[in-house]
Amino acid sequence: MKIKVDEMVCEANAVCMGLAPEVFDVDDDDQLHILLPEPPPELLDRVRHAVRSCPKAALSLEE
């Protein structure tokens, strides 16, 4: 599974970072960084929740 972000849609609200901080990071310039683009199985439930919770629907999963 791979995480994708639509940078044109992402507003760096950091909801994903709050739900899975080991996978997502928002820097001081309000840029979202995916720290683990292919997260390990033990984080998949949290990643799925973070993707569903994105207020702008800027995140997706490629399985």
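The structure displayed is predicted, hence computed values, not measured ones.

Chemist: Teacher, can you tell me more about the overall build of the protein chain here?
Modeler: Scanning the protein chain from terminus to terminus reveals two helices and four strands. In the protein chain, the succession of α and β elements from N to C terminus is β-α-β-β-α-β. What you see for the protein chain is a C-alpha radius of gyration of 10 Å, in line with the 11 Å of a compact globule of 63 residues. By principal-axis analysis of the C-alpha atoms, the protein chain measures approximately 30 × 20 × 15 Å. Residues classed as buried in the protein chain amount to 27% of the 63 residues present. Taking the intrachain contacts of the protein chain between residues at least 6 apart in sequence as the baseline, contacts between residues at least 24 apart amount to 55%. For the protein chain, the exposed area adds up to about 4100 Å²; of that, 47% sits on carbon and sulfur atoms. Separation between the mean location of the 6 positive side-chain charges and that of the 14 negative ones in the protein chain comes to 8 Å.

Chemist: Teacher, can you tell me more about the environment of D6 here?
Modeler: Residue position: D6 is located in the loop between β1 (2-5) and α1 (15-19). Remark: the alpha-carbon pair of D6 and K56, spanning 50 residues in sequence, is separated by 9.7 Å. At a separation of 3.0 Å, a polar atom in the side chain of D6 contacts the main-chain amide nitrogen of M8.

Chemist: How should I be thinking about the environment of A14 in this particular structure?
Modeler: Checked against the element boundaries, A14 lands in the loop between β1 and α1. With a relative accessible area of 24%, A14 lands in the partly exposed category. Residues A14 and D27 lie 13 residues apart in sequence; the distance between their C-alpha atoms is 9.6 Å.

Parameters at a glance
Residues numbered from 1 in each chain as written. Predicted model: local features only at pLDDT ≥ 70, side-chain atom pairs only at ≥ 80, totals over all residues. Heavy atoms only, no water. Helix = DSSP H or I, 4+ residues; strand = E, 2+ residues; numbered from the N terminus. Rg over C-alpha atoms; globule rule 2.2 N^0.38 Å. Buried < 20%, exposed > 50% of the residue type's maximum accessible area, 1.4 Å probe, protein only. Contact = heavy atoms within 4.5 Å. Areas by Shrake-Rupley, 256 points an atom, 1.4 Å probe, with all protein chains shown as cover. Lys, Arg positive; Asp, Glu negative; His and termini not counted. Charge placed at Lys NZ, Arg CZ, Asp CG, Glu CD. Polar contact = N/O pair within 3.5 Å; in protein donor to acceptor, adjacent residues only side chain to side chain.

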